[in-house]
Amino acid sequence: MCGIVGYIGKNKTVDILLNGLKELEYRGYDSAGIAVLNGEKISVYKALGKLSNLEEKINNSKLEAHYALGIGHTRWATHGKPTELNAHPHLGEYSYVVHNGIIENYKELKEELISNGHKFVSQTDTEVIVHLFEYYQNQLNNCQEAFENTIKRLEGAYSILLISKACPENIYFFKHGSPLIVARGIEANEVLFASSDAPLIGLCNEVVYLEDGAGGVASKDAITFFDKSAVSWSTLPTSKQFAQKEGFRFFMEKEIYEQSRVVSDTMLGRLYDKTIRFDEVDASIIEGIREIKICACGTSYHAGLSASYLFERLAKVKCSVEIASEFRYKEPLLTTDTLFIVISQSGETADTLEALKMAKKSGLKSIVVCNVDNSSMTRVADYSILTRAGIEKGVASTKAFSTQVVVLWMMALYFAQQKNAIEASKLEREIHALREVPSSLIASNSLHEKTKRLSKRYLHGHGFFFIGRDVFFPLALEGALKLKEISYLHAEGYPAGEMKHGPIALADPELFTIALMPQNLLYDKIKSNVEELSARDSTICAISPLSFELADDFIQTNKKDHYMLEFFEMLVVLQLFSMEISVRLGNDVDMPRNLAKSVTVE
């Protein structure tokens, strides 16, 4: 989830690009860069880390502010470590490009271009775009045709801005899957581009929110769209904070709604019709492995618990899950036939990092599932698999969890492939289900309204039970954690079958039970457990695709053909439900008391 900006006009191009990138820095801060062009004169500046490093480098260079046009980028790494070479803009012989998204077929394109004499300097997928453009430009001597031919070859999700000395008055743009806005400046002969509204506010009034497959070429004289019928001009909002939240009330709400899109990014280049690929991992890693041990904290621990069912069920390998803060001090017995997997949104969680170091010291193979490249854990682990969730600003994790579970589900299938532990027909069914995850994560208006209406009934009482079975037990734990984090109400997640072993003693009308009742996994078992609680007057809120007459409240989910699709739909229900209860209680949804986004101390 990177941020891109572009500008054509008479004002201070460098300042406009830098100011625009400041508004987008929340989308990525691994590195940043700009390229500005004035006729044959082009200047490029890149810097590792936060945008202030780039600003300092430009100030020290005494770069003049006025250029005819320019493009800029702030990076959240997906391919290649955060380095200046991997920072955008990427260059060819005479052209520069910035890109937000993932080019899924970049390896095949890169091999083809190398065989045609092109030289690459970075590890990124983006660099193929500029080389492919120059390959066609050298043949056709027509920038627009070269750009259109380039777009036709790209697979994945992306938005692109490209400039070239071959056509020094133009910016070429295209959007497919990743956001891009084109705007007319307030002043004459001004054109602006950005990944979101915030960089544009105060500089323009009219914008086009590009649809997938829309693109064109802009100059100071005109904006020409390849398909004019797909273009609709609209008015820009006036609040920058509103723009950063993209119209949502809270960052948490925005991030709940983003899940459907970001899990698509998570799967890009990894999920194919009949196979799973992880180019980041050596296929031999599973050789000699008899057990997988997962170690994590908080929400990531719940993702790991969910994965333990999948590793055993699909890959037929023993799997255990440890809370990192406990694991460090239990004097664990670690053997080299164990694969050690750590999970962390930030890659900096102190207890998990120390557990990883212990495993490395004991000679275990290790993988980190993480959202931040070049974090401490990615430097320690043997292999890193990025979730590609983008920056998560809400303290209560949402899209980090969903992307972690998707990665771990794919890993279970990947290991099953390597071990020949899964039949081809079953693998295809699982892959088909994975492709349906984005639609299961859509937060519909009707669902959100239902949770909003129900939330007013759950503001009192002496606590909540969240109950589920199998993978829905870790989901129950995650639902309870979300409610505790942002509403400050007491909630506990339990395996539904454990109710009669003590917890049911708490059942009365003031105890709220949130029951996860999937159609495709142990429905009759969970139904019996809920009936036991109902008989003891617990207030029941059932979440299920099947009607349940004993429920005091009922949230109906869609019927699915795979239990994991029910898992993700119920996840959205629990996130929205917790958020709406917190809103009614007047709490700060994005910054709940006593909590921090990344726990970097023991």
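Caption draft 1: Local environment of the overall build of the chain. Scanning the chain from N- to C-terminus turns up 18 helices and 24 strands. Summarising its shape, the C-alpha atoms of the chain cover approximately 80 × 55 × 45 Å along the three principal directions. A buried classification covers 62% of the 602 residues belonging to the chain. Counting only contacts in the chain whose residues sit at least 6 apart along the sequence, the fraction spanning at least 24 positions is 73%. With the model as given, the accessible surface of the chain reaches about 23100 Å², and the carbon-plus-sulfur share is 47%.

Caption draft 2: Expanded view of the pairing of strand S21 (residues 491-495). As judged from the 5 bridges shared by strand S20 (residues 463-468) and S21, these two strands associate in the parallel manner. Following the sheet pairing, Ile-467 is matched in S21 by Tyr-494. Crossover handedness for the path S20 to helix H16 (residues 472-487) to S21: right-handed.

Caption draft 3: Here's a closer look at the pairing of strand S7 (residues 156-164). For S7, a buried count of 9 out of 9 residues is recorded, marking the element as mostly surrounded by other parts of the structure. Residue alternation in S7 divides its side chains into two sets, Gly-156, Tyr-158, Ile-160, Leu-162 and Ser-164 and Ala-157, Ser-159, Leu-161 and Ile-163, and both sets are buried. Across 9 bridges, strand S6 (residues 95-103) lies against S7 in antiparallel orientation. In the sheet register, Gly-101 faces S7, and the bridge partner there is Tyr-158. Bridge count between S7 and strand S8 (residues 171-176): 4 bridges; the pairing is antiparallel. Residue pairing for S8: Leu-162 is matched across the bridge by Tyr-172.

Caption draft 4: Summary view of helix H10 (residues 350-361). Spanning 12 residues, H10 covers 17 Å between terminal C-alpha atoms, matching the ideal 16 Å at 1.5 Å per step. Taken together, the buried positions of H10 are occupied by Ala-350, Asp-351, Thr-352, Leu-353, Ala-355, Leu-356 and Ala-359. Buried residues along H10 sit against strand S15 (291-296), helix H9 (324-327), strand S17 (338-344), strand S18 (365-370) and helix H11 (376-380). Backbone geometry just downstream of H10 places Gly-363 in the positive-phi region, at approximately 85°.

Caption draft 5: Main features of the state of the cysteines. Considering all chains together, one arrives at 1 disulfide under this definition. Left unpaired, Cys-370 is separated from the closest cysteine sulfur, that of Cys-297, by 13 Å.

Caption draft 6: Structural detail: the packing of helix H1 (residues 13-24) against helix H2 (residues 51-61). H2 packs onto H1 with a crossing angle of 165° between their chain directions and a minimal axis gap of 10 Å. Compared by their axis directions, H1 and H2 come out roughly antiparallel. Here H1 and H2 pass one another in a crossing that is left-handed. Facing Val-14, Leu-18, Leu-21 and Lys-22 of H1, the residues of H2 in contact are Leu-51, Leu-54, Glu-55 and Ile-58.

Caption draft 7: Unusual backbone geometry, seen in detail. The linkage connecting His-88 with the following residue, Pro-89, adopts the cis geometry, with an omega of -5°. By secondary structure assignment, the location of Pro-89 is in the loop between strand S4 (69-75) and strand S5 (90-91). A positive phi angle, close to 60°, is found at Arg-388, a residue other than glycine. For Arg-388, the position within the fold is in the loop between strand S19 (383-386) and helix H12 (399-418). For Arg-388, a relative accessible area of 7% gives the class buried.

Conventions we followed
Per chain, residues are indexed from 1 in the order of the written sequence. Residues qualify for local features only when their pLDDT is at least 70, as the model is predicted, and side-chain atom pairs are given and counted only at 80 or more; totals for whole chains, interfaces and linings, by contrast, use all residues. As a rule here, side-chain values come from all non-hydrogen atoms in the structure, and water together with hydrogens is ignored. Under the scheme used here, helices are H or I runs from DSSP no shorter than 4 residues and strands are E runs no shorter than 2 residues, and both carry numbers assigned from the N terminus. Between buried and exposed lies partly exposed: a residue is buried under 20% and exposed over 50% of the maximum accessible area for its type, with that area taken using a 1.4 Å probe on protein chains only. In this description, contact between two residues means that some pair of their heavy atoms is separated by no more than 4.5 Å. For every accessible area listed, the method is Shrake-Rupley and the probe measures 1.4 Å; residues are considered covered only by the protein chains on display. A pair of strands is treated as paired once DSSP finds two or more bridges between them. Here, the term right-handed applies to a crossover whose path from the first strand over the helix to the second runs clockwise when the strands point away from the viewer. One fewer than the residue count of a helix, multiplied by 1.5 Å, yields its expected span. Any cysteine sulfur atom paired with another within 2.5 Å is treated as part of a disulfide. Helix axes are fitted only over the stretch in contact, all axes being lines through C-alpha atoms; the angle between N-to-C directions runs from 0 to 180 degrees. For classification, angles of less than 35 degrees are called roughly parallel, those exceeding 145 degrees roughly antiparallel, those between 65 and 115 degrees roughly perpendicular, and all remaining angles oblique. Definitions for this section: a left-handed crossing has its near helix turned counterclockwise from the far helix by less than a right angle. A right-handed crossing has that turn clockwise.

Note that every value here comes from positions in space, so none of it alone points to a role or purpose.
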